[in-house]
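Spelled out from the first residue to the last, the chains are:
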Amino acid sequence: MWDVPFDLFFILVIWVSRSQQYSITGQNYLINTRKCKIPNIPTYSPDLNLTRDPKVECTNFQTLLTYTTIENHQAKLHINYEAVAKYFGTPYSLKCCYSYIYRNGSEDYPDVGVMASRCKEFFHSRVLNHDLVWVSCSRVPELSFDDIVYQNVHQVITVPPEIEEKAEKLRQSTIKRPISVMMIVIDSISRLNFYRTMPLTRNFVTSNGFYEFKGYNKVADNTFPNAMAFLSGLTLHEANSICRPSEVDGLMNCPLLWYKYRDSGYATAYAEDWAPIGTFNYMKKGFRDKPTDYYYKPYMDAITYLKCLNQDTMPFCAGPETQGDRILNLAKGFATTLRNIPYFGVFWMNTFSHNYITSPMSMDLNVRDFFQALKNSSVLNESVVILLSDHGIRFGDIINTTRGFYELRLPMHYISLPQWFKREFPVEVRNFEENTKKLTSNFDLYMTLQHVLKMSVANYTVSPVRACPHCRSFFEKIPERSCVEAGIPSIWCTCNVNFNGLIYDKLNASYIMK
């Protein structure tokens, strides 16, 4: 009898009972090293049901009735009278008012809640003195709640003097070119489900130089511990002990990467849709003080008061716009507005991917167009852009299949490096390219994001991962290694299990010689 740890034995028993099998040959592996073999299972199979209902339309208006502009760091709110005339007969069929929205949490939940100023009527345009504004329009002659036909919330992005001053100090303190980083996270999408449900986006990123990390393996079950792994280098146990997310003020003492970037002179941002289930708010206290320079939780709280339309049991629409589009617009606006300022931004989406395997189809075109806009505005030529998921799908029948075992554990992960970076760091880029073929984890991504900071600022000291002393930056040489050496607990490991001189093939539920 083999001396098998209980959790590995449990996995063995489960996979012996699987009825769905795939033919795996020696050449058909995502990762094929002495210490780790991850099968390259087919993208499609007959048992996958990918039919879905039509996409929900958030509004009958093809053009929003209000919009904002920014000139010389000054934001303005405008009424689109051409659109008003199109939908209501004449340009002056509506009266509109605006309110400023402010963060307004409670003592126990300081990161939840907003308050609004009195709604003031305006015509044509209005200079804004605050970055978050609510707009309400009703038919003339009355401006009354009962006759409201349009409501929206606008978040504007400007560069206040303190951000410019911080960036200037950074530029003066180093001879290096600071490397900006944008992270786009789409929750619960496996590598293969990204292929299936977002082919337009996948085709764009693969055609525009993004590197795919096919052996990127999650390290924990759900969102919070996987996010903490790449944002702080902490395990769930360490995060609960050090960061105390269930206590008010606990997260303010957490060693999150955006604090390190912010303290180094970067402008930082964090936005996440579906506010009630946010990574740092679901069953947690969130942040008493805003954790980043640009913090969009109040915006996400404000849009919950708009009319909501669900899709696949998720709050897809918030007023006339999808929640996902609002996050994408924030990311695009942040990157383009701060074009000449080093930044680190995390933009997270849940509302079109979290619950069902087919849901991401609804936003494929939108996400593809977002990346096209980043290319057109030269963001891809200037910044490191990361597209990833925290884990694969965690719900539905698929998780009870052999395929589901791998799709749960192998999230999508793509990274784009700007051309100037490739010229300046050729050795690091060669290592990076080789590491796309290696087993990697969230902890490696944490080391990578620190490596970027080390390459950008003077005297930055990289913090090691206590739970994974063998974890490395993608820009360093990563050797062949096992899940244990990559910080991946055995229950989440997708490598064929190696023990007692044998390799356990999870797909075919059998042992083969090394």
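Below: a short report on this structure. (Residues numbered from 1 in each chain as written. Predicted model: local features only at pLDDT ≥ 70, side-chain atom pairs only at ≥ 80, totals over all residues. Heavy atoms only, no water.)

A few words on the state of the cysteines. The tally for this structure, following the rule as stated, stands at seven disulfides. In this model, Cys-36 is linked to Cys-495 through a disulfide, with the two sulfur atoms separated by 1.9 Å. Judged by the sign of its S-S torsion, about -85°, the cystine formed by Cys-36 and Cys-495 is left-handed. Residue Cys-36 is located in the loop between strand 1 (29-32) and strand 2 (37-39), and its partner Cys-495 is located in the loop between helix 16 (442-456) and strand 23 (497-499); the two are separated by 459 residues in the primary sequence. Each member of the pair, Cys-36 together with Cys-495, is buried. Disulfide pairing places Cys-58 opposite Cys-317 at an S-S distance of 2.0 Å. Between Cys-58 and Cys-317, the disulfide has an S-S torsion of -80° and is therefore left-handed. One end of the pair, Cys-58, is in the loop between strand 2 and strand 3 (66-71); the other, Cys-317, is in strand 17 (residues 314-318), and 259 residues separate them in sequence. (Disulfide = S-S within 2.5 Å. Helix = DSSP H or I, 4+ residues; strand = E, 2+ residues; numbered from the N terminus. Buried < 20%, exposed > 50% of the residue type's maximum accessible area, 1.4 Å probe, protein only.)

Let us now look at empty space enclosed by the protein. A complete count under the given rule lists five cavities of 30 Å³ or more for this structure. Approximately 80 Å³ is the volume attributed to the largest cavity. What lines the largest cavity is Tyr-270, Ala-271, Glu-272, Ala-275, Gly-278, Asn-281, Tyr-295, Tyr-296 and Lys-297. Each residue belonging to the lining of the largest cavity can be placed in one class, and the counts come to five nonpolar, two polar and two charged. Taken as a whole, the second largest cavity spans an internal volume of roughly 70 Å³. Within the residue set of the lining of the second largest cavity, elements represented by two or more residues are helix 4 (191-197) and helix 13 (402-409). (1 Å grid on protein atoms, 1.4 Å probe; cavity = no way out; pocket = protein on both sides within 12 Å on 5 of 7 lines; lining within 4 Å. Points joined across faces, edges and corners; volume = space filled by probe spheres on them. Nonpolar A, V, L, I, M, F, W, Y, C, P; charged D, E, K, R; others polar.)

Before going further, it helps to examine the pairing of strand 11 (residues 181-186). The buried count for strand 11 comes to six of six residues, which makes it a mostly enclosed element. Here strand 11 shows no split at all, with Val-181, Met-183 and Val-185 on one side and Met-182, Ile-184 and Ile-186 on the other all buried. Pairing of strand 11 with strand 19 (residues 343-349), which is carried by six bridges, proceeds in the parallel orientation. Note on strand 19: the bridge partner recorded for Met-182 is Gly-345. (Pairing = 2+ DSSP bridges.)

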